Amino acid sequence: MSKTGILVVSFGTSYRDALVKNIEAIENAVGNAFPGLEVRRAFTSGMIIKKLKKRDGFHVYTVAEALESFLADGFTDLIVQPTHIINGIENDNMLKDLAAYRDRFHSIRTGVPLLTDTEDYHTLIEAVTQEFSDLKDDEFLVFMGHGTEHHANAVYPALDYMLKARGCENIYIGTVEGYPDLSLVKELVRKKAPKKVLLAPLMIVAGDHARNDMAGEEEDSWKNTFLKDGYEVSCLLKGLGEYLKVQNLFADHAKKAELL
């Protein structure tokens, strides 16, 4: 007798409010797309799992632990949906973990990360332009993405290019650890000389990077860097997981999950 379960895999966050507003919201959207099926959670960040356990006594499965729990409870088939933004290192590692269990389930189907095909980019751009529909001509919106050495970093400049093609000349994409970096974004913004810069995370949750690297009080935070350049600066601590269109896009990806 077959029994299907759903596993939603996230990098994770140690901020409980962000967990509820972003990750849990996506999990609920995915679950609503499959009425009657049980949804379980896994994080790929061992550091965050350990922190939650030590600080809150709150345990989140690793991918392997989640798979073992499904097997122990008699599940035969799985649908796995990552909440990753790109097909990068975290997603590659998740797929390796899943591959090790392929022969222990009748089937494992996997959905793709947020930005995988061209239509995904258009959906995210629609979500962003809707969210910031009141952005004025003398205001610039700068998104902070994570960035990576993985070749999937190409997602960030591609998204920036598509925003400009849509006429969004005052929205820029930067990254903490990839390209485009802050120095390039600063130069591009300087050439346009806006009155105000609005900073927002291009991350599923508004976690450490958003609260410290972007909006923190350290001298080299993005907020203080733009303040020193003479701009009025405000920060929006809202992860992409709070956007309804993003939640629905992950649910759509889960519904289109393909056999591993």
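Preceding this paragraph is the structure being described.
Residues numbered from 1 in each chain as written. Predicted model: local features only at pLDDT ≥ 70, side-chain atom pairs only at ≥ 80, totals over all residues. Heavy atoms only, no water.

Describe in detail the layout of surface pockets, supporting the description with residues and values.
For the largest pocket, the calculated volume is near 830 Å³. If you trace the largest pocket, you find 32 residues lining it, with Phe11, Glu90, His146, Met203 and His209 closest to the centre. Elements supplying a minimum of two residues to the lining of the largest pocket: helix H2 (46-56), helix H4 (89-99) and helix H8 (208-214). What lines the second largest pocket is a set of 13 residues, and nearest its centre among them are Val112, Asp117, Asp120, His253 and Lys256. Of all elements in the fold, only helix H5 (118-131) and helix H10 (244-255) reach the threshold of two or more residues within the lining of the second largest pocket. Considered class by class, the residues forming the lining of the second largest pocket number 2 nonpolar, 5 polar and 6 charged. (1 Å grid on protein atoms, 1.4 Å probe; cavity = no way out; pocket = protein on both sides within 12 Å on 5 of 7 lines; lining within 4 Å. Points joined across faces, edges and corners; volume = space filled by probe spheres on them. Helix = DSSP H or I, 4+ residues; strand = E, 2+ residues; numbered from the N terminus. Nonpolar A, V, L, I, M, F, W, Y, C, P; charged D, E, K, R; others polar.)

A description of empty space enclosed by the protein should follow, citing residues and the corresponding values.
Inspection of the entire model under this criterion finds 1 cavity of 30 Å³ or more. Considered as a void within the structure, the largest cavity measures approximately 30 Å³ in volume. As for the largest cavity, its lining consists of Leu124, Ile125, Val128, Phe143, Leu159, Leu163, Ile173 and Leu202. Elements represented by at least two residues in the lining of the largest cavity include exactly H5 and helix H6 (155-165). At 3 residues, H5 tops the list of elements feeding residues into the lining of the largest cavity. Classifying every residue of the lining of the largest cavity gives 8 nonpolar, no polar and no charged.

Describe the sheet that holds strand S9 (residues 258-259), listing the residues and the values that go with them.
In spatial order, the strands read S2-S1-S3-S4-S9; together these 5 strands make up an open sheet with mixed pairing. Edge strands, defined here as strands with exactly one partner in the open sheet, are strand S2 (38-43) and S9. (Pairing = 2+ DSSP bridges.)

Tell me about the sheet that holds strand S5 (residues 139-145), residues and numbers included.
Across the sheet, 4 strands lie side by side as S6-S5-S7-S8; this open sheet has parallel pairing. On the outer flanks of this sheet lie strand S6 (171-175) and strand S8 (232-235), each paired with one strand and no other. On average, adjacent strands in this sheet sit at an angle of 25° to one another, irrespective of strand direction. Judged from the 5 bridges that link them, S5 and S6 form a sheet pairing that is parallel. The residue bridging Phe143 from the neighbouring strand is Ile173, located in S6. Relative to the sheet, H6 contacts S5 and S6, its axis offset from that of S6 by approximately 175°. (Axes fitted to C-alpha atoms, helices over the stretch in contact; angles between N-to-C directions. Contact = heavy atoms within 4.5 Å.)

Lay out the side chain of His84 with the relevant residues and their values.
In this structure, His84 sits in the loop between strand S3 (77-82) and H4. Apart from residues lying up to four places away in sequence, His84 is in contact with Val9, Ser10, Phe11, Thr44, Glu90, Asn91, Met94, Pro113, Leu114 and Phe250.

What is shown is where atoms sit, not what they do.
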